Amino acid sequence: MEEHWGRTIWRLLHVIVKKIDEDTFNKHKAILIELINYIGTHLPCGVCSHHYIKENYISHGEIYHKEGLIIKLWDIHNNVNDSRKKNVYSVNVLDDYDNYDLSDVVKDFKEKIGKFRSMNMDKVNEELEKFLWAH
Ligand SMILES: Cc1cc2nc3c(=O)[nH]c(=O)nc-3n(C[C@H](O)[C@H](O)[C@H](O)COP(=O)(O)OP(=O)(O)OC[C@H]3O[C@@H](n4cnc5c(N)ncnc54)[C@H](O)[C@@H]3O)c2cc1C
């Protein structure tokens, strides 16, 4: 069975923030937060996008450093798990994302999520390139 789009997108979001180096993060923090919010508000499921806007939209002022964004995404993912009546996970789950290669995760995201046409993939790809070559 094909993987649910949600898993593909969560993997991209968690891996990109974990893999980015501190300098790139500090330089491109605003662009990265905007990219995450853009993806979260253009999900293949309209109700989920609406939920993201209402409950999980990341404001620039609440993120000071890379670790803060890693934890924020973990918290958002748990909020969604909770709303789906699923288990919430301890922070240890974040260790799993160290094992991924960012270029593989981006490639997988482009292939699987592009098909849904919910987001402007040209715009997303352009932004992703910045992080792909700078981690
Ligand atoms: C931004 C976003 C918002 C979404 N909003 C909704 C919504 O409003 N309603 C809805 O029904 N679905 C929503 N989805 C989809 C939903 O989260 C699931 O991805 C989907 O239902 C597939 O479920 P799954 O059981 O494979 O779990 P998933 O949550 O996709 O994947 C589970 C795996 O993710 C890892 N994981 C679990 N929790 C965490 C965490 N806190 N931090 C890091 N890793 C973790 C674990 O390895 C676990 O095995 C959203 C997806 C995304 C990307």
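Above: the structure in question.
Residues numbered from 1 in each chain as written. Predicted model: local features only at pLDDT ≥ 70, side-chain atom pairs only at ≥ 80, totals over all residues.

A. Quick look at the overall build of the chain. Summing up its helical and strand segments, the chain has six helices and zero strands in all. When the helices and strands of the chain are read in sequence order from the N terminus, they spell out α-α-α-α-α-α. In terms of C-alpha radius of gyration, the chain reaches 14 Å, essentially the compact-globule figure of 14 Å for 135 residues. Its C-alpha atoms give the chain principal-axis dimensions of roughly 35 × 30 × 30 Å. The buried share of the chain, reckoned over its 135 residues, is 19%. The contacts of the chain with a sequence gap of at least 6 include a subset with a gap of at least 24, amounting to 71%. (Helix = DSSP H or I, 4+ residues; strand = E, 2+ residues; numbered from the N terminus. Rg over C-alpha atoms; globule rule 2.2 N^0.38 Å. Buried ≥ 20, exposed ≤ 12 C-beta atoms within 10 Å, placed from the backbone. Contact = placed C-beta atoms within 7 Å.)

B. A look at the site of the ligand. Around the ligand lies a shell of 22 residues, among which Gly6, Ile9, Cys48, His51 and His77 are the nearest. At six residues, the largest contribution of residues to the shell around the ligand is made by helix α4 (residues 66-83). (Near = placed C-beta within 6 Å.)

C. Representation of the environment of Val105. Mapped onto the secondary structure, Val105 falls in helix α5 (residues 102-114). Between the alpha carbons of Val105 and Lys86 there is a distance of 24 Å; along the sequence they are 19 residues apart. With residues up to four places along the chain from it excluded, the contact list for Val105 reads Arg11, Leu12, Val15 and Tyr100.

D. Seen up close, unusual backbone geometry. Of note, the phi angle at Lys85 is positive, near 60°, even though the residue is not glycine. Tracing the sequence through the fold places Lys85 in the loop between α4 and α5. Its 6 C-beta neighbours within 10 Å are what place Lys85 among the exposed residues. Backbone geometry at Arg117 places phi at a positive 60°, although glycine is not the residue there. Of the residues examined, Arg117 has 10 C-beta atoms within 10 Å and is grouped as exposed.

E. View of the nonpolar core. Leu12, Leu13, Val15, Ile16, Val17 and Ile36 are the most contacted members of the largest nonpolar core, which has 20 residues in total. Looking at this core, the elements that each hand over two or more residues are α1 (5-19), α2 (22-40), α4, α5 and α6 (121-132). For this core, the element with the highest residue contribution is α1, accounting for five residues. When residues no more than four places from it in sequence are discounted, the contact partners of Ile36 are Leu13 and Ile58. (Core = buried A, V, L, I, M, F, W, Y, C linked by C-beta atoms within 7 Å.)

F. Representation of α4 in the model. With 18 residues, α4 should reach 26 Å at 1.5 Å per residue; the first-to-last C-alpha distance of 26 Å fits that figure. Downstream of α4 by one or two residues, Lys85 has phi in the positive range, about 60°. (Expected span 1.5 Å × (residues − 1).)

G. Spatial organisation of the packing of α1 against α4. The N-to-C vectors of α1 and α4 enclose an angle of 165°; their axes lie 9 Å apart at closest approach. It follows from the interaxial angle that α1 and α4 lie roughly antiparallel. Crossing of α1 against α4: the hand is left-handed. In this structure, α1 contributes Trp10, Leu13, His14, Val17 and Lys18 to the contact, and α4 contributes Lys66, Leu69, Ile70, Leu73 and His77. When its residues are assigned to classes, the contact of α1 with α4 shows six nonpolar, two polar and two charged. (Axes fitted to C-alpha atoms, helices over the stretch in contact; angles between N-to-C directions. Parallel < 35°, antiparallel > 145°, perpendicular 65-115°, else oblique. Left-handed = near helix turned anticlockwise from the far one by under 90°. Nonpolar A, V, L, I, M, F, W, Y, C, P; charged D, E, K, R; others polar.)

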